[in-house]
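# Per-entry structural report
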Amino acid sequence: MHEVYAVKFGQHPGGRRGQYFYGSAAEPMDEPAQLDYFVWLIRSPGQDIVFDAGFTAEIAARRRREHWYAPSRALADLGVDRTAVPYVILSHFHYDHVGDVEAFTGARFVVQAREMAFWTGRHAARHEFRRLVEREDIERLAGYGLDGRLLYADGEHEVVPGVRVHHVGGHTAGLQIVSVATTRGTVVLAADAAHLYANVEDDAPFGVLTDLPAMYDTFDLMRALATSPDLIVPGHDPTVLTRFDPVDGLDGRAVRIA
């Protein structure tokens, strides 16, 4: 069995509901809303697996986000040796999920083949897609592919026993979620398949998407995979830090999910 932790490294408190929900669910548009930025630790027997890699202080300053410390530093507070991490699973290639990959010098990066194909394909330069990524991140990941450091998944793939990735799409073409076997049951780490609890609990899609029907299908899949609804963990909801038990000494920064 595995342990699962959420670790906060920054936040964006200045948002509005209209930015974070699609269609009628965005009302009232001007209601204040906050996004938190997390990375996730899957503590497996004899190894630590990381899910997502956040972004750097430089990118935070450019995009006017609060950045407390490097995601890899935040994980180090949980005892993670970033040089010994064998796998870093990347949910998708948006700037806030792939920025600190260089810290994991010995890792292979688990990505969906469809995600790489999209961001090196003909639509990636269109403004509504291009604004969500950093050129340097895409070039770095493409270079890792040439170096043999990418582990390409095509749909569902077992990274290690009890840890599986699942292609879902919706938010991006190659978005993937992670299911993890724990003593509490199967935890589903949604990343941006559900930014906020309200997305999946109220069947209310997030405002940034590539495929609306796929996003609804993703909600159904996450509900089917998770042992219970409370084990579906959204990617950016501040209340993740209050719904689960804090890690000793890291209150307000890290929680143990299972």
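This write-up is about the structure you can find in this document.

Cut-offs applied
Residue numbers run consecutively from 1 along every chain, following the written order of its sequence. Local features are withheld for residues below a pLDDT of 70 in this predicted model, meaning they are given only at 70 or higher, and side-chain atom pairs are given and counted only at 80 or more; totals for whole chains, interfaces and linings count all residues. Only hydrogens and water are set aside when side-chain values are computed; all heavy atoms of the structure are taken into account. Only strands joined by at least two bridges in the DSSP assignment are considered to pair. Secondary structure counts use DSSP, requiring at least four H or I residues in a row for a helix and at least two E residues in a row for a strand, with both numbered from the N terminus. The set of buried Ala, Val, Leu, Ile, Met, Phe, Trp, Tyr and Cys residues whose side-chain atoms join them within 4.5 Å is what this entry labels a nonpolar core. Each residue's exposure class comes from its accessible area (1.4 Å probe, protein chains only) as a fraction of the maximum for that residue type: buried when under 20%, exposed when over 50%, partly exposed otherwise. For this analysis, residues touch if any pair of their heavy atoms sits within 4.5 Å. Here a salt bridge means any side-chain nitrogen of Lys or Arg lying within 4 Å of a carboxyl oxygen belonging to Asp or Glu. For this analysis, a ring pair means two rings from Phe, Tyr or Trp (six-membered ring only for Trp) whose centres lie within 6.5 Å, classed as stacked if their planes differ by under 30 degrees, edge-to-face if by over 60, and tilted for the remaining angles. Working rule: Lys NZ or Arg CZ, within 6 Å of ring centre, within 35 degrees of ring normal, means a charge sits over the ring.

With that out of the way, let us pick up the pairing of strand 8 (residues 157-160). Across a regular strand the side chains alternate sides, sitting on one face of the sheet and then on the other. Sheet topology note: the strand 8/strand 9 (residues 163-167) ladder contains three bridges and is antiparallel. When the bridges of strand 9 are listed, Glu 158 appears paired with Arg 164. Between the antiparallel neighbours strand 8 and strand 9 lie two residues, among them Gly 162 with a positive phi of about 90°.

A few words on the nonpolar core. Side chains of a nonpolar character, in soluble globular proteins, are inclined to be buried together. Counting residues in hydrophobic clusters, the biggest one holds 40 residues, and the most contacted among them are Leu 75, Leu 78, Val 88, Leu 90, Phe 93, Phe 104 and Phe 109. Elements that contribute at least two residues to this core include exactly strand 1 (3-16), strand 2 (32-44), helix 2 (57-63), helix 3 (71-76), strand 6 (108-112), helix 4 (113-119) and helix 6 (135-146). Among residues more than four places away in sequence, those in contact with Phe 109 are Val 88, Leu 90, Val 101, Phe 104, Tyr 144, Arg 149, Leu 150 and Leu 151. Counting 30 residues, the second largest nonpolar core, distinct from the first, contains Ile 49, Val 163, Ala 191 and Val 255.

Bringing the pattern of salt bridges into the picture now. Opposite charge on two side chains allows them to pair when their charged atoms are near. For the structure on display, the rule yields 19 salt bridges. A salt bridge links Asp 77 to Arg 73; the nearest nitrogen and oxygen atoms lie 3.5 Å apart. Judged by its relative accessible area of 30%, Asp 77 is partly exposed. Salt-bridge contacts for Glu 102 lead to Arg 140; the nearest nitrogen and oxygen are separated by 3.7 Å. You can see Glu 102 sitting in the loop between strand 5 (87-89) and strand 6 and its partner Arg 140 sitting in helix 6, a full 38 residues away along the chain. Residue class for Glu 102 comes out exposed when judged on its relative accessible area of 52%. Residues joined in a network through salt bridges with shared partners are Glu 58, Arg 62, Arg 63 and Glu 134.

We now examine the packing of aromatic side chains. Applying the stated criterion across every chain, the model contains 13 aromatic pairs. Taken together, a centroid distance of 4.9 Å and an interplanar angle of 85° make the contact between Phe 118 and Trp 119 edge-to-face. You'll find Phe 118 and Trp 119 in the same group, each marked buried. Ring geometry for Tyr 216 versus Phe 219: centroids 6.3 Å apart, planes at 85°, classification edge-to-face. Separated by three residues within a single helix, Tyr 216 and Phe 219 lie in helix 8 (residues 212-225), roughly one turn from each other. In this structure, Arg 63 packs its charged tip against the face of Tyr 95, placed 4.0 Å from the ring centre. Note that Arg 243 overlies the ring of Tyr 197, its terminal NZ or CZ placed 3.5 Å from the centroid.

Keep in mind that these numbers describe shape and distance, not what the molecule does.
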